[in-house]
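Spelled out from the first residue to the last, the chains are:
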Amino acid sequence: MGAACSSQKSASVKKLEGKAVSSTTATPLQSSEPDLSTPNNGAATKRGNSKKAMDATTVTVVFVRHGECEWNLENRFTGWVDVGLTKKGKAEAREAGKLLHEEGYAFDIAYTSVLKRAIRTCNFMLEEMDAMWIPVEKDFRLNERMFGALTGLNKQDTVGKDGVDVWGRSYDTPPPEAGKDHKYSPWNDPKYRHLQIEENSIPSTESLKTTLERVLPYWLSTIAPSAQEGKVVLVAAHLNSIRAILKYIDNIPNDVITRIKIPTGVPLVYTFNKATMQPIKAEGAATHLSGKYLVGEEEFHKKVQVAAN
């Protein structure tokens, strides 16, 4: 898990658990390319993957991208801007909670970002599961990728403009920076006040590579150890913070991870060896992933067609 895909490695990541991730520039995504995270069969995961069915040697982590947000609907680069869920997004979150409850999942702890679209998704899911009482930890390290100067722009309006396709789809090429005076800069947001004491602690832009460098320490120090304690873990986060974790878990190549589809509000279930936190390939796992979505292939395709990514 987490082995390098190339000889070029990020020094900041190599220090983490002695493991590294690759840093080769990804090929920009073309609209004609197939979905690379399509479920391998049309059957939903059965109750056999429930907490009750897990043996003492395995643990479960469920990832859910937040429900549709206001800027997903408007097709804008959102990043760290704290926009809310749409009516549809709230319904997606509730439906995810109902599905998890019906499939027999029961969580011990949840992790989410400090952005309300993820927080509310987490809350709606737990409400549907009658599990509002479990601990929920919020951390900025699970935030979406910071899109720098692209933040707030309509994605369709930027198609074909110099650099935008590369910035939006490359693994290690970030967009231009957004300064502290940028309209959507988080520097004056009170939720990040504790970060402002350190120079450059709030990113002005990020690639997926640097998003991974932000997210991975939290996975290694907090989320994975919780799972190893035997807790059933829920992670309600964002497209690129989830992509970053999945890249590490499944050793996904740079030119593939940027094309992995993660629809809004669809649970993605991972089972791990408890001792090693090596992922165990699920029957019918999504392409390139060890985990399995709790929807069939037809429903998956419907959701990725409407989800802004």
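Residues numbered from 1 in each chain as written. Predicted model: local features only at pLDDT ≥ 70, side-chain atom pairs only at ≥ 80, totals over all residues. Heavy atoms only, no water.

Engineer: Explanation requested: the confidence of the model for the chain in the structure shown.
Structural biologist: As a general rule, the predicted coordinates of low-pLDDT regions are not to be interpreted in detail. Chain-level pLDDT for the chain is 84 on average; 77% of the residues reach the 70-or-more range. For residues 1-15, every residue scores under 50 in pLDDT, and the model assigns this stretch 42 contacts once sequence neighbours within four places are set aside. Here residues 17-34 scores under 50 on pLDDT; set against residues more than four positions off or in separate chains, the count is 56 contacts. (pLDDT = per-residue confidence, 0-100. Contact = heavy atoms within 4.5 Å.)

Engineer: Explain the packing of helix α3 (residues 87-102) against helix α4 (residues 116-128) here, please?
Structural biologist: Pairs of packed helices are described in terms of their axes, by the angle between the two and the distance that separates them. Running from N to C, α3 and α4 cross one another at 40 degrees; their axes reach a closest spacing of 7 Å. The pairing of α3 with α4 is recorded here as oblique in orientation. The chirality of how α3 crosses α4 is right-handed. For the pair α3 and α4, the contacting residues are K90, A93, R94, A96, G97, K98, L100 and H101 in the first and T121, F124, M125, E127 and E128 in the second. In terms of residue class, the contact of α3 with α4 is made up of five nonpolar, three polar and five charged. (Axes fitted to C-alpha atoms, helices over the stretch in contact; angles between N-to-C directions. Helix = DSSP H or I, 4+ residues; strand = E, 2+ residues; numbered from the N terminus. Parallel < 35°, antiparallel > 145°, perpendicular 65-115°, else oblique. Left-handed = near helix turned anticlockwise from the far one by under 90°. Nonpolar A, V, L, I, M, F, W, Y, C, P; charged D, E, K, R; others polar.)

Engineer: Please clarify how the packing of aromatic side chains should be interpreted in this entry.
Structural biologist: To describe a pair of aromatic rings, you give the distance between the ring centres and the angle between the ring planes. This model, assessed by the stated rule, comprises 10 aromatic pairs. Arranged with centres 6.2 Å apart and planes meeting at 65 degrees, the rings of W80 and F140 form a pair that is edge-to-face. Remark: F140 occurs in the loop between β3 (136-138) and α5 (155-158) and W80 occurs in the loop between α2 (70-73) and α3; sequence separation between them is 60 residues. Relative to F272, the ring of W219 has its centre 5.9 Å away and its plane inclined at 50 degrees; by these criteria the two rings are tilted. Taken together, the residues W219 in helix α7 (residues 208-228) and F272 in strand β5 (residues 268-273) connect sequence positions 53 residues apart. Residue F272 is classed as buried on the basis of its relative accessible area of 0%. Through successive ring pairs, a cluster of aromatic residues spans F63, W219, Y270 and F272. For K180, the ring lying beneath its charged end belongs to W187, and the centroid distance is 4.1 Å. Geometry around Y171 places K247 over its ring, the cationic atom sitting 4.9 Å from the centre. (Phe/Tyr/Trp six-rings, centres within 6.5 Å; stacked < 30°, edge-to-face > 60°. Buried < 20%, exposed > 50% of the residue type's maximum accessible area, 1.4 Å probe, protein only. Lys NZ or Arg CZ within 6 Å of the ring centre and 35° of its normal.)

Engineer: Teacher, can you tell me more about the pattern of salt bridges here?
Structural biologist: Any two side chains of opposite charge can pair, given that their charged atoms come close. The final tally for this structure, using the stated rule, is 10 salt bridges. Note that K191 and D82 form a salt bridge whose closest N and O atoms lie 3.1 Å from each other. Here K191 is found in the loop between α6 (164-169) and α7, whereas its partner D82 is found in the loop between α2 and α3, with 109 residues between them in sequence. Note on K191: relative accessible area 25%, which makes it partly exposed. Residue D82 is classed as partly exposed on the basis of its relative accessible area, which comes to 23%. (Salt bridge = Lys/Arg side-chain N within 4 Å of Asp/Glu carboxyl O.)

Engineer: Mind showing me how you'd approach the side chain of S185 here?
Structural biologist: Mapped onto the elements of the fold, S185 is located in the loop between α6 and α7. Looking at S185, the relative accessible area reads 16%, which means it is buried. A distance of 3.2 Å separates a polar side-chain atom of S185 from the backbone nitrogen of W187. Residues within four places of S185 in sequence aside, it is in contact with G179 and K180. (Polar contact = N/O pair within 3.5 Å; in protein donor to acceptor, adjacent residues only side chain to side chain.)

Engineer: For this particular structure, what's the right way to read empty space enclosed by the protein?
Structural biologist: With a probe scaled to a water molecule rolled over the atoms, the places where space remains empty come into view. Inspection of every chain in the model, using the stated rule, returns two cavities of 30 Å³ or more. In this structure, the largest cavity encloses a volume near 80 Å³. Taken together, the residues of the lining of the largest cavity sort by class into eight nonpolar, six polar and no charged. (1 Å grid on protein atoms, 1.4 Å probe; cavity = no way out; pocket = protein on both sides within 12 Å on 5 of 7 lines; lining within 4 Å. Points joined across faces, edges and corners; volume = space filled by probe spheres on them.)

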